[in-house]
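Given next are the chains, with one letter for each unit.
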Amino acid sequence: MATTAAQKPGWRTLARSLRNPKSGFMALFGFASGLPFALFLGTLYAWFTEAQVDLETMGVFSLIGLAYSFQFLWSPLVDKVDIPVLRRLGKRKQWIAPMQLLLGIILITMSLLDPRSALGMFSLLAGVGAFASATQDIAINAWRIDIADEEATVDILATVYQMGFRLSSLVGGALGLIIAARIGWPQTYVMLGLILLAIGAAGLFAPDPEKTGAVIATAEEIEQLYQPGELQPKVRTWGLLAVGLLWALAIGTVLVFMIRSMTALPDDRPNPTEFTATYGPLIILATIVLPAFVAAWLVKMRREGRHVIPAEGGAGVRAGQVTDHFYRALVLPLVEFVGRMGWSLVLILALVLTYRIADSIWGTFAYPFYLGELKYTNDEVAFASKFFGIGAIILGLALGGWLIVVFGRMLTLTLGAVLSAATNLLYADLAVGGATMSAVSRATGFTWAVEQFGGTEKLARLMITIGGENLAIGIAGAAYVAWLSSIVAKGYSAVQYALLASLTLLVGTLGRGALGEMIEQRGYHFVFIFTALIGVVAVVLCVLEWIREARAGRASGVVAPEHPQGA
């Protein structure tokens with residue numbers, strides 16, 4: 001089919017973006033972001049299992065998942081604090097490169113230890129590694145948004161990042177197990193540690209977002225707070241105290257959990273899943289919902305001209321430097337976002353909460369469904385979900401990136417929501433015997449192809465179902481990360497993106513308990529129909545967001561918005 005004139009610019013943009021050095025570094029950073037996640041939350045447990053280590057004795061391991069779930073709590077630190085000496089690397093690279101090098105050193109150090117005799121050190125290294133990994137994720141997401149421009153678009157960078165992330169999950173997961181079976185776990189971790197060290201060294205040469213002019217010098221940032229029309233220092237201080245107290249309560253709650261996990265006896269240690277389900281909503285309330293109301297109050301006063309610095313007479317008494325810096329780090333990202341979005345923030349948060357909810361909840365119950373309900377073997381599930389499934393995700397990401405460039409981000413986002421909802425129906429069919437999926441597999445010749453390699457029709461049915469779902473996940477994931485990256489502001493990207501992404505992650509954790517009870521009471525078929533209906537809600541919200549952006553006059557978007565000075 002001939003390429004239309006409308007499509008040619010899209011193809012040129014895609015090719016130009018992929019040739020840009022920023023895309024290459026983005027792929028490396030995506031790989032470095034996903035590899036520790038796969039190792040610390042996956043294959044490390046396989047190593048401990050082989051070493052016959054009792055996992056119940058590893059209290060610090062309850063902190064690993066927590067580091068990723070609540071990484072937004074220290075995102076203001078990453079966004080605004082400079083590391084002495086390392087600051088010359090750049091605003092984001094001063095966090096990215098050291099964390100990658102630290103992770104490489106941790107993996108190599110772990111390879112020198114015996115898990116059974118040095119369990120405490122192993123657990124400590126894994127805990128520190130998880131926090132280092134979560135910290136580099138904050139900085140990498142911010143780097144991707146800050147570095148985007150008309151050539152290396154935020155859409156393509158988001159897609160390339162996810163492809164690197166997914167590839168690393170294959171290397172650190174399934175391939176890691178295969179490699180370890182042949183050369184041993186210590187040698188495997190040395191190899192993977194050296195890869196992270198190499199990426200950390202290469203990352204030193206990545207482009208610096210500051211060269212784009214997106215970041216304002218600190219002195220200028222502080223001075224902007226005292227320009228006429230800005231809020232008076234006293235009002236800003238009250239806003240900071242309110243938000244600071246809420247964040248302090250949230251951080252204190254997490255710290256108490258961490259201390260109990262590391263110091264209590266094995267039988268008395270808190271369960272991380274229960275902690276997230278119980279305190280997760282309260283932490284979100286304290287760090288996002290209530291601070292958003294405070295930010296809205298500050299925005300309203302500034303717009304109405306109340307309690308602002310007059311054009312004549314100056315600011316009067318100035319707040320301290322520490323107060324000003326904390327205000328810029330913690331409150332101003334919320335003020336900027338709430339002020340820019342207005343009431344549209346309700347739609348944004350609703351879409352964030354629902355778009356990936358089915359995928360994030362379903363992951364916990366995948367293996368019980370495959371192994372327990374459908375009676376597949378471990379080898380069949382591993383091949384279908386890890387090798388074939390990850391390949392389908394990468395293909396979906398590539399297709400999603402192409403769709404974004406050619407047809408636009410919002411159309412792709414909506415299409416991804418439709419496909420994600422529809423693929424739940426594939427599993428609903430599988431739950432009642434899979435007659436439809438078997439017919440599709442035979443009609444497309446997929447069953448014949450699988451049988452030529454020694455597989456069975458039953459395996460082909462599972463593979464085509466997982467492949468269809470993962471293809472949809474890839475398309476939806478490419479569009480979702482691109483959209484999320486496009487609505488945050490450069491300069492505030494670390495905090496704003498971390499807060500929004502945390503909602504996506506935590507909502508899945510919070511919903512797993514209810515979904516598990518529903519599976520026990522109503523069965524898998526009913527649950528898959530139910531999750532498909534949740535997906536329909538996401539589709540409607542995508543359409544509303546599409547309309548909102550169209551009315552606001554936004555283009556399909558290639559660069560995240562700049563934050564206004566003195567926002």
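Fair warning: this is a prediction, and the values are worked out from it, not measured in the lab.

J.: Is there a simple way to think about the overall build of the protein in this case?
T.: Along the backbone of the protein there are 23 helices and zero strands. When the 567 residues of the protein are sorted by exposure, 54% land in the buried category. Sequence-distant contacts in the protein: of pairs separated by 6 or more residues, those separated by 24 or more amount to 84%. Just so you have it, the protein exposes about 23800 Å², and 67% of that area is on carbon and sulfur atoms.

J.: Would you take a moment to explain the nonpolar core for this structure?
T.: Taken as a class, soluble globular proteins show a tendency for nonpolar side chains to be buried jointly. Of all hydrophobic cores here, the largest spans 129 residues; its most connected members are Phe40 and Trp483. Broken down by element, the residue count for this core peaks at 14 residues, all from helix H6 (residues 119-147). The contact partners of tryptophan 483, leaving out residues within four places of it in the chain, are Ile348, Leu351, Val352, Arg409, Met410, Leu413, Glu545 and Glu549. If you look at the next biggest cluster of nonpolar residues, it comprises 30 residues, including Tyr370, Met437, Met463 and Leu515.

J.: Even after reading the chapter, I still don't get the packing of aromatic side chains, so can you show me in this structure?
T.: Working definition: an aromatic ring pair is given by the centre-to-centre distance plus the angle between the planes. The tally for this structure, following the rule as stated, stands at 22 aromatic pairs. Pairing phenylalanine 37 with phenylalanine 165 gives two aromatic rings, centres 6.2 Å apart and planes at 45°, and the pair type is tilted. Note that phenylalanine 37 is positioned in helix H2 (residues 21-50) and phenylalanine 165 in helix H7 (residues 154-172), a separation of 128 residues in sequence. Classification of phenylalanine 37 as partly exposed rests on a relative accessible area of 34%.

J.: Whenever I open this one, the pattern of salt bridges confuses me. Can you help?
T.: Side chains that carry opposite charge are capable of pairing whenever their charged atoms lie near each other. Applying the stated criterion across every chain yields a total of 12 salt bridges. Two residues, arginine 548 and glutamate 545, come together in a salt bridge whose shortest N-O distance is 2.7 Å. You can see arginine 548 and its partner glutamate 545 sitting in helix H23 (residues 524-551), three residues apart, about one turn around the helix. Considered together, arginine 548 and glutamate 545 belong to a single accessibility category, that of buried residues. Overlapping salt bridges, with partners in common, bring together Asp79, Arg92 and Asp146 in one network.

J.: I'm lost on the confidence of the model for the protein in this one. Help?
T.: In low-pLDDT regions, the fine details of the predicted coordinates are not to be read closely. Residue-level pLDDT values for the protein average 83, and 87% of them are 70 or greater. In the model of the protein, helix H1 (residues 7-19) stands out as the element of lowest mean pLDDT, 60, in contrast to helix H5 (residues 93-111), which has the highest, 94. Under a pLDDT of 50 for its full length, residues 211-217 has, in the predicted model, 10 contacts with residues more than four places off or in other chains. Across residues 555-559 the pLDDT falls below 50, and counting only partners more than four positions away or on other chains, this stretch makes 16 contacts in the model.

J.: Mind showing me how you'd approach helix H14 (residues 344-355) here?
T.: Turn by turn, an α-helix covers 3.6 residues, leaving residues three or four places apart pointing in a common direction. End to end, H14 covers 16 Å across 12 residues, agreeing with the expected 16 Å (1.5 Å per residue, within 8%). Residues Leu345, Leu347, Ile348, Leu351, Val352, Thr354 and Tyr355 constitute the buried set of H14.

J.: When you look at the environment of leucine 170 in this model, what are you seeing that I'm missing?
T.: Structurally, leucine 170 is set in helix H7. Residues within four places of leucine 170 in sequence aside, it is in contact with Leu175, Gly176, Lys386, Phe387 and Ile390.

J.: Even after reading the chapter, I still don't get the packing of H2 against H7, so can you show me in this structure?
T.: Helix-helix packing is characterised by the crossing angle of the two axes and by the distance between the axes. Packing of H2 against H7 brings their axes to within 6 Å, and their N-to-C directions diverge by 35°. Considering the relative orientation of H2 and H7, their crossing is right-handed. Per-class residue counts for the contact of H2 with H7 are 15 nonpolar, nine polar and one charged.

J.: Would you mind going over the side chain of threonine 159 with me for this structure?
T.: Among the structural elements, threonine 159 can be located in helix H7. Look past the residues within four positions of threonine 159 in its chain and what remains in contact with it is Leu397, Gly401, Ile404 and Ala478.

J.: Can you help me understand a nonpolar patch on the surface in this one?
T.: On the surface, a nonpolar cluster with roughly 640 Å² of combined accessible area is contributed by Leu425, Ile529, Leu533, Val536, Val540, Val543, Leu544 and Ile547. The element best represented in the nonpolar patch is H23, accounting for seven residues. Mapped onto the elements, isoleucine 529 comes out in helix H23. Residue classification places isoleucine 529 among the partly exposed residues on the basis of a relative accessible area of 33%.

J.: Explanation requested: the environment of leucine 175 in the structure shown.
T.: Tracing the chain through its elements places leucine 175 in helix H8 (residues 174-183). A relative accessible area of 30% places leucine 175 in the partly exposed class. Between the alpha carbons of leucine 175 and phenylalanine 387 there is a distance of 9.0 Å; along the sequence they are 212 residues apart. Beyond its immediate chain neighbours, meaning those up to four positions away, leucine 175 contacts Leu170 and Phe387.

J.: Any chance you could explain the packing of H2 against helix H9 (residues 185-203) here in plain terms?
T.: Look at H2 against H9: their axes get within 11 Å of each other, and the N-to-C directions meet at 160°. If you check the angle between H2 and H9, you find them roughly antiparallel. When you trace H2 past H9, the crossing you get is left-handed. When its residues are assigned to classes, the contact of H2 with H9 shows 19 nonpolar, two polar and one charged.

J.: Whenever I open this one, the environment of alanine 27 confuses me. Can you help?
T.: Summarising the element assignment, alanine 27 is placed in helix H2. Not counting chain neighbours up to four residues away, the residues in contact with alanine 27 comprise Val160 and Gly164.

J.: Mind showing me how you'd approach helix H13 (residues 321-341) here?
T.: Between the first and last C-alpha of H13 there are 29 Å, a value that for 21 residues agrees with the 30 Å anticipated at 1.5 Å per step. The largest bend in H13 is about 50°, located at valine 331, with the proline proline 333 one to four residues further on.

Cut-off values and rules
- Residues numbered from 1 in each chain as written.
- Predicted model: local features only at pLDDT ≥ 70, side-chain atom pairs only at ≥ 80, totals over all residues.
- Heavy atoms only, no water.
- Helix = DSSP H or I, 4+ residues; strand = E, 2+ residues; numbered from the N terminus.
- Buried < 20%, exposed > 50% of the residue type's maximum accessible area, 1.4 Å probe, protein only.
- Contact = heavy atoms within 4.5 Å.
- Areas by Shrake-Rupley, 256 points an atom, 1.4 Å probe, with all protein chains shown as cover.
- Core = buried A, V, L, I, M, F, W, Y, C linked by side-chain atoms within 4.5 Å.
- Phe/Tyr/Trp six-rings, centres within 6.5 Å; stacked < 30°, edge-to-face > 60°.
- Salt bridge = Lys/Arg side-chain N within 4 Å of Asp/Glu carboxyl O.
- pLDDT = per-residue confidence, 0-100.
- Expected span 1.5 Å × (residues − 1).
- Axes fitted to C-alpha atoms, helices over the stretch in contact; angles between N-to-C directions.
- Left-handed = near helix turned anticlockwise from the far one by under 90°.
- Nonpolar A, V, L, I, M, F, W, Y, C, P; charged D, E, K, R; others polar.
- Patch = residues over 30% accessible without salt bridge, like charges linked within 9 Å, V, L, I, M, F, W, Y side chains within 5 Å.
- Parallel < 35°, antiparallel > 145°, perpendicular 65-115°, else oblique.
- Bend = angle between axes of the 7 residues up to and from the residue.

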